[in-house]
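Observations on the model geometry
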Amino acid sequence: MKRIISIILVAVLAVSMLAMTSCGKKEFSGSVEDDKNMTITAVKADAGDYFATGSLVVEEGEEITIDSDLESGAITVEFLGSSEEQSAEELPELDGEPIYTAFLEGTNTQSVSFGAGTFMIKPTVTEKATGTVKITVQPAQ
């Protein structure tokens, strides 16, 4: 009988430990749905976290809309010009001067038009952040 109680107690402790470690999950990532839509997700992302991801293609007569829904913190999103002929062997220039920089906090929407081209996205957490940012290329209004 004591053995069964011990096994149950160990199982309960193991499940509790797994539950506690999943609560501390941190994430800062982006998903590019196509060359016109991207979503950035932050879950307890630390200041200084960043990544660079695939290209958004902006044609003549289109603009970029940035919808931020940040529960906490702040994120900076840099738009970097990239060559359409860039290959997998050639790394992009991430330290170059951005074409545009968006400073995001809270819930807001901003639209910007800075010309046609192919742009890489480099989001950086500037203050520990949780929330989402959606970037969409659409016809200019």
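Quick notes on the rules
- Residues numbered from 1 in each chain as written.
- Predicted model: local features only at pLDDT ≥ 70, side-chain atom pairs only at ≥ 80, totals over all residues.
- Heavy atoms only, no water.
- Helix = DSSP H or I, 4+ residues; strand = E, 2+ residues; numbered from the N terminus.
- Areas by Shrake-Rupley, 256 points an atom, 1.4 Å probe, with all protein chains shown as cover.
- Buried < 20%, exposed > 50% of the residue type's maximum accessible area, 1.4 Å probe, protein only.
- Lys, Arg positive; Asp, Glu negative; His and termini not counted.
- Salt bridge = Lys/Arg side-chain N within 4 Å of Asp/Glu carboxyl O.
- Phe/Tyr/Trp six-rings, centres within 6.5 Å; stacked < 30°, edge-to-face > 60°.
- Polar contact = N/O pair within 3.5 Å; in protein donor to acceptor, adjacent residues only side chain to side chain.
- Contact = heavy atoms within 4.5 Å.
- Core = buried A, V, L, I, M, F, W, Y, C linked by side-chain atoms within 4.5 Å.
- pLDDT = per-residue confidence, 0-100.

1. A look at the overall build of the protein chain
- A count of helices and strands for the protein chain gives 1 helix and 6 strands.
- N-terminal to C-terminal, the α/β element order of the protein chain is α-β-β-β-β-β-β.
- Per element, the accessible surface of the protein chain, about 8600 Å² overall, is 56% carbon and sulfur.

2. Observations regarding the side chain of Glu63
- Relative to the helices and strands, Glu63 resides in strand 4 (residues 62–81).
- Of the buried charged residues, Glu63 lacks a salt bridge, with Lys36 as the closest side chain of opposite charge at 13 Å.

3. Here's the deal with the packing of aromatic side chains
- The final tally for this structure, using the stated rule, is 5 aromatic pairs.
- Judged by centre distance (5.6 Å) and plane angle (55°), the rings of Phe79 and Phe114 are tilted. Here Phe114 lies in the loop between strand 5 (100–112) and strand 6 (117–139) and Phe79 lies in strand 4, a separation of 35 residues in the sequence.
- Between Tyr100 and Phe114, the ring centres sit 5.8 Å apart and the planes meet at 20°, which makes this aromatic pair stacked. Of this pair, Tyr100 sits in strand 5 while Phe114 sits in the loop between strand 5 and strand 6, and the two are 14 residues apart along the sequence.
- Following the ring pairs from residue to residue traces out a cluster consisting of Phe79, Tyr100, Phe114 and Phe119.

4. Looking at the pattern of salt bridges
- By the definition in use, this model includes 3 salt bridges.
- For Asp46, the salt bridge is made with Lys26, and the minimal N-O distance between the two is 3.1 Å. Of this pair, Asp46 sits in the loop between strand 2 (37–45) and strand 3 (53–58) while Lys26 is found in the loop between helix 1 (2–23) and strand 1 (27–34), placing the two residues 20 residues apart along the sequence.
- Under the relative-accessibility criterion, Asp46 is labelled partly exposed at 28%.

5. Focus: the side chain of Thr65
- Its place among the elements puts Thr65 in strand 4.
- A residue is classified by how much of its surface remains accessible, and Thr65, at 7% relative accessible area, is buried.
- Within the local environment of Thr65, its side chain forms a polar contact with the side chain of Ser111, the two groups lying 3.3 Å apart.
- Polar contacts involving the side chain of Thr65 include one to the side chain of Gln138, which spans 2.8 Å.
- In contact with Thr65, other than residues within four places in its own chain, are Thr109, Gln110, Ser111, Lys134, Ile135, Thr136 and Gln138.

6. As for unusual backbone geometry
- For Lys44, which is not a glycine, the phi torsion comes out positive at approximately 50°.
- Positionally, Lys44 belongs in strand 2.
- Lys44 gets classed as partly exposed once you look at its relative accessible area, which sits at 35%.

7. Quick word on the nonpolar core
- Core analysis: the largest hydrophobic core is formed by 24 residues, its most contacted members being Val77 and Ile135.
- Of all the elements, strand 6 adds the most residues to this core, at 7 residues.

8. A short note on the confidence of the model for the protein chain
- Considering every residue of the protein chain, the mean pLDDT works out to 83; 73% of them sit at 70 or more.
- Scored below 50 in pLDDT, residues 85–91 makes 2 contacts in the model with residues more than four places away or belonging to other chains.

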